[in-house]
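Listed below are the residues making up each chain.
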Amino acid sequence: MLSAEVSLYPQKTTRASEIINESIQSLARQGISYNVGPISTEIHGTEEQVWAGIRSLFDQASSAGEVSMVVTLSNAAR
């Protein structure tokens, strides 16, 4: 199992919250396990699921423009 804590920072936009929410919805569409916090989103699952989730978040956010992403990964048991 793998977990990731992910923070997205859309750049040069007044739609940051909307872009972040649309990106998080991409996780739900894929059935990936996640928890939304006030400043980051935690993704949990197999390595394939977590990496796919990270990619999905980034791809969705970057489709709206420039974005920065901070990711912390752990394979430690929860």
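As a reminder, the structure under discussion sits directly above these lines.
Residues numbered from 1 in each chain as written. Predicted model: local features only at pLDDT ≥ 70, side-chain atom pairs only at ≥ 80, totals over all residues. Heavy atoms only, no water.

(A) Structural context of the overall build of the chain. Within the chain one finds 2 helices and 4 strands. Tracing the chain from N to C terminus, the helices and strands come up as β-α-β-β-α-β. In terms of its C-alpha atoms, the chain occupies a principal-axis envelope of roughly 40 × 20 × 20 Å. Within the chain, contacts between residues at least 6 apart in sequence are counted, and of these 64% link residues at least 24 apart. Roughly 4900 Å² of accessible area belongs to the chain as shown, and the carbon and sulfur atoms make up 50% of that amount. (Helix = DSSP H or I, 4+ residues; strand = E, 2+ residues; numbered from the N terminus. Contact = heavy atoms within 4.5 Å. Areas by Shrake-Rupley, 256 points an atom, 1.4 Å probe, with all protein chains shown as cover.)

(B) Region of the structure containing the environment of serine 74. Locating serine 74 in the fold gives a position in strand E4 (residues 67-74). Looking at serine 74, the relative accessible area reads 30%, which means it is partly exposed. Residues serine 74 and lysine 12, 62 residues apart in the sequence, show an inter-C-alpha distance of 31 Å. With sequence-adjacent residues up to four places away left out, serine 74 is seen in contact with Met1, Leu2 and Ser3. Side-chain polar atoms of serine 74 contact the backbone nitrogen of alanine 76, separated by 3.1 Å. (Buried < 20%, exposed > 50% of the residue type's maximum accessible area, 1.4 Å probe, protein only. Polar contact = N/O pair within 3.5 Å; in protein donor to acceptor, adjacent residues only side chain to side chain.)

(C) Geometry of the pairing of strand E2 (residues 33-36). Alignment of E2 against strand E3 (residues 41-45), held across 4 bridges, turns out to be antiparallel. Across the sheet, serine 33 pairs through a bridge with histidine 44, a residue of E3. If you look at the hairpin formed by E2 and E3, you'll find 4 residues sitting between the two strands. (Pairing = 2+ DSSP bridges.)

(D) Layout of unusual backbone geometry. Its identity as a non-glycine residue notwithstanding, lysine 12 has a phi of 50 degrees, on the positive side. Mapped onto the secondary structure, lysine 12 falls in the loop between strand E1 (2-10) and helix H1 (16-30).

(E) Structural view of the sheet that holds E3. The strand order E2-E3-E1-E4 describes an open sheet built from 4 strands, whose pairing is antiparallel. Of all the strands in the sheet, just E2 and E4 have a single pairing partner and so form its edges. The sheet shows a mean angle of 20 degrees between the axes of neighbouring strands, taken without regard to direction. Taken together, the 5 bridges between E1 and E3 define a ladder with antiparallel strand orientation. Looking at E3, one finds that alanine 4 is bridged to isoleucine 43. Relative to the sheet, H1 contacts E1, E2 and E3, its axis offset from that of E1 by approximately 150 degrees. (Axes fitted to C-alpha atoms, helices over the stretch in contact; angles between N-to-C directions.)

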